[in-house]
Amino acid sequence: MNASQLPINIKLHKKSKTLELFYGDTSYELTAEFLRVHSPSAEVRGHGIGNGVLQTGKKFVGINAIQASGNYALKIIFDDGHDSGLFTWPYLYDLALYHDKYWAEYLSKLEAAGESRDSGLIGKFKAV
């Protein structure tokens, strides 16, 4: 890991459900949803290559807390109960730098699977 991959500051914005990472004079805001669907946990990535599980219905997920894990990672505790998987500093930096690419890929996978970012509750109710 090089020094540029280590954030100099981190801010959790609960109201906007974002995590702001500061690298030098540049900052990146990553939404809780983006982080949740890109969690490095086995639950999301799977237990082998190609065994990942597409995360759906995470549009409204938030972050309850963040905790340092040694000097190498951040543990993110999401409000849907997910708290496994450690976001290493290089991985967080990669997510920040390539956010748009990863987000577009995720949306494409959702569409191909016929799935949604919503939890599915909205479509189940009919207007009267």
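Cut-off values and rules
- Residues numbered from 1 in each chain as written.
- Predicted model: local features only at pLDDT ≥ 70, side-chain atom pairs only at ≥ 80, totals over all residues.
- Heavy atoms only, no water.
- Helix = DSSP H or I, 4+ residues; strand = E, 2+ residues; numbered from the N terminus.
- Buried < 20%, exposed > 50% of the residue type's maximum accessible area, 1.4 Å probe, protein only.
- Contact = heavy atoms within 4.5 Å.
- Pairing = 2+ DSSP bridges.
- Axes fitted to C-alpha atoms, helices over the stretch in contact; angles between N-to-C directions.
- Phe/Tyr/Trp six-rings, centres within 6.5 Å; stacked < 30°, edge-to-face > 60°.
- Lys NZ or Arg CZ within 6 Å of the ring centre and 35° of its normal.

Draft legend 1. Spotlight on the side chain of Ser-41. Here Ser-41 is to be found in the loop between α1 (32-37) and α2 (42-45). For Ser-41, a relative accessible area of 2% gives the class buried. Setting aside chain neighbours within four positions, we find Ser-41 in contact with Gly-46, His-82, Ser-84 and Gly-85.

Draft legend 2. Looking closely at the sheet that holds strand β2 (residues 18-23). Within the open sheet, the 3 strands sit side by side as β1-β2-β3. Their pairing is antiparallel. The open sheet has two edge strands, β1 (9-13) and β3 (26-31), and neither has a second partner. Direction aside, the axes of adjacent strands within the sheet are offset by 20° on average. Across 6 bridges, β2 lies against β3 in antiparallel orientation. Counterpart to Leu-19 in the pairing with β3 is Leu-30. Strand contacts of helix α3 (residues 89-97): β1, β2 and β3, with the helix running at about 90° to β3, the strand carrying the most contacts.

Draft legend 3. Fine view of the pairing of β1. Both β1 and β2 contribute to a ladder of 5 bridges, which runs antiparallel. From the neighbouring strand, Asn-9 faces β2, where its bridge partner is Phe-22. Hairpin connection from β1 to β2: 4 residues lie between these consecutive antiparallel strands, with Lys-17 at a positive phi of about 55°.

Draft legend 4. Region of interest: the packing of aromatic side chains. Under the criterion given, the structure shown has 6 aromatic pairs. Taking 4.8 Å as the distance between ring centres and 65° as the angle between the ring planes, the aromatic pair formed by Tyr-23 and Tyr-93 counts as edge-to-face. With a gap of 70 residues between them, Tyr-23 in strand β2 and Tyr-93 in helix α3 connect regions that are remote in the sequence. Ring pairing ties together the aromatic residues Tyr-23, Tyr-28 and Tyr-93, which thus form one cluster. Of note, Arg-45 hangs over the ring of Tyr-91, and the distance from its end group to the ring centre comes to 4.7 Å.

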